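Coordinate inspection notes
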Amino acid sequence: MSDRTIPEHIAIIMDGNGRWAKEKGLPRNEGHRRGTKALEKIISHADKIGVKHLTVYAFSTENWRRPQDEVDGLMKLFGQYIDKELKKVDKDSHRFHIIGDLESDVIPEELKAKIYLLQEKTKDKPGMCFHMAFNYGGRDEILRGCKKLIQDVQNGIVVLDEIDETLFSGYLDTKNIPDPDLMIRTSGEERTSNFLPWQLTYSEFYFTPCMWPDFTTKEFDKAIDAYNHRQRRFGKSE
Ligand code: IPE
Ligand code: IPE
Ligand code: MG
């Protein structure tokens, strides 16, 4: 499709790494490693075709409930990913940004420092904004936003009557980011698992049985084609 509309913001729930590995008799962490490879290809492809914002769900506030060795493996992978990005930061054109509770004590300090460094080094990049949802939970984000807003009301910075959807959006981690146009979830699961509950209210959903490590740029383009056949109404009658 040559005259297709490229969604400005695409959000992805990268699911199925564990099942992909299990099917092949490999450890779950090998599935996560292969998932990172798939992600790297999707990031450069999305940037190339003109996606302005790409948000991926990498680790949820609920994922800490997984076995310690899996959590440790995932933290190690994130660290390696950031190291790799820091090494090629001059060549890359995309911005790196985390959504989620980055201040939390549960995140290893060394990893936090690397994340802040990569965010700082890429903040003026001209290409796509790549947002990684890490230690992210939608309910947690809304609660953190509410607490900040209440503080501002108590300190007289915000007046109660001024609070509307636009103002509240500015208290979320996705401040200044347009809502996703398209949300993709791989692995056949059809739920949002606490991903962007405020922001996805009018997004188009695309579910595919493809496991995340098998998700190629071709699969990504298929989702964009499906999006091009949707009619978005936003509550209106046509
Ligand atoms: C997604 O794959 C990656 C993370 C949640 C970190 P899963 O690990 O959830 O894979 P499945 O769903 O068990 O197959
Ligand atoms: C959602 O996947 C979180 C990420 C992809 C990072 P999960 O695999 O954790 O979701 P559930 O538990 O199947 O709902
Ligand atoms: Mg899963």
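Before going into details, it helps to say that this report is about the structure given with it. It should be emphasised that the depicted structure is a prediction, and the values quoted were computed from it without experimental measurement.

Cut-off values and rules
Residues numbered from 1 in each chain as written. Chains lettered and ligands numbered in written order. Predicted model: local features only at pLDDT ≥ 70, side-chain atom pairs only at ≥ 80, totals over all residues. Heavy atoms only, no water. 1 Å grid on protein atoms, 1.4 Å probe; cavity = no way out; pocket = protein on both sides within 12 Å on 5 of 7 lines; lining within 4 Å. Points joined across faces, edges and corners; volume = space filled by probe spheres on them. Nonpolar A, V, L, I, M, F, W, Y, C, P; charged D, E, K, R; others polar. Helix = DSSP H or I, 4+ residues; strand = E, 2+ residues; numbered from the N terminus. Expected span 1.5 Å × (residues − 1). Buried < 20%, exposed > 50% of the residue type's maximum accessible area, 1.4 Å probe, protein only. Arc of directions from axis to C-beta. Contact = heavy atoms within 4.5 Å. Pairing = 2+ DSSP bridges. Core = buried A, V, L, I, M, F, W, Y, C linked by side-chain atoms within 4.5 Å. Axes fitted to C-alpha atoms, helices over the stretch in contact; angles between N-to-C directions. Phe/Tyr/Trp six-rings, centres within 6.5 Å; stacked < 30°, edge-to-face > 60°.

**Comments concerning empty space enclosed by the protein**
A full pass over the atoms with the stated rule returns 1 cavity of 30 Å³ or more. Lining the largest cavity, in full, are Glu85, Val89, Asp92, His94, Phe96, Leu118 and Thr122. Split by residue class, the lining of the largest cavity holds 3 nonpolar, 2 polar and 2 charged.

**Structural notes on helix H4 (residues 109-122)**
Within an α-helix, residues lying three or four positions from one another point in the same direction, as the helix has 3.6 residues per turn. For H4, with 14 residues, the first-to-last C-alpha span of 20 Å sits near the 20 Å given by 1.5 Å per residue. By the burial criterion, the buried members of H4 are Leu111, Lys112, Lys114, Ile115, Leu118, Gln119 and Thr122. The buried residues of H4 occupy an angular sector of 165° when the element is viewed end-on, so they sit on one face. Residues Glu109 and Glu110 are exposed on H4 and point more than 90 degrees away from its buried face. Among the structural elements, helix H3 (68-87), strand E3 (95-99) and strand E4 (129-136) are those in contact with the buried residues of H4.

**Examining the pairing of strand E1 (residues 9-13)**
With 5 of its 5 residues buried, E1 lies for the most part within the structure. Of the two faces of E1, the one holding His9, Ala11 and Ile13 and the one holding Ile10 and Ile12 are both buried throughout. Bridge count for E1 against strand E2 (residues 53-60) is 5 bridges, and the pairing is parallel. Residue pairing across strands places His9 opposite His53, the latter belonging to E2. By the bridge criterion, 4 bridges tie E1 to strand E5 (residues 182-185) in an arrangement that is parallel. Residue pairing for E5: Ile12 is matched across the bridge by Ile184.

**Let's talk about the nonpolar core**
One finds Ile12, Leu54, Phe130, Met132, Phe134 and Phe220 to be the most contacted residues of the largest nonpolar core, which totals 42 residues. Looking at which element gives the most residues to this core, the answer is H3, with 7 residues. Counting residues in each nonpolar core, the second largest holds 10 residues, with Ile99, Ala133, Phe195 and Leu196 among its members.

**Observations concerning the sheet that holds strand E6 (residues 204-207)**
Here we have 6 strands laid out as an open sheet, ordered E3-E4-E2-E1-E5-E6, and parallel in their pairing. Two strands lie at the open edges of the sheet, namely E3 and E6, each paired on one side alone. Going from strand to strand, the sheet's axes swing by 20° on average, the running direction of each strand aside. Direction of pairing for E5 relative to E6: parallel, over a ladder of 4 bridges. Counted as the bridge partner of Arg185 is Phe207 from E6. In the packing of helix H2 (residues 28-49) onto the sheet, contacts are made with E1, E2 and E4, and the angle to E2 comes to roughly 160°.

**Notes on the packing of aromatic side chains**
As enumerated under the stated definition, the model contains 12 aromatic pairs in all. Ring centres of Phe78 and Phe134 lie 4.7 Å apart, and the angle between their planes is 75°; this geometry places the pair in the edge-to-face category. Here Phe134 lies in strand E4 and Phe78 lies in helix H3, a separation of 56 residues in the sequence. Per residue, the accessibility class of Phe78 equals that of Phe134, and both read buried. Three or more aromatic residues link up through ring pairs in this structure, and these residues are Phe59, Trp64, Phe78 and Phe134.

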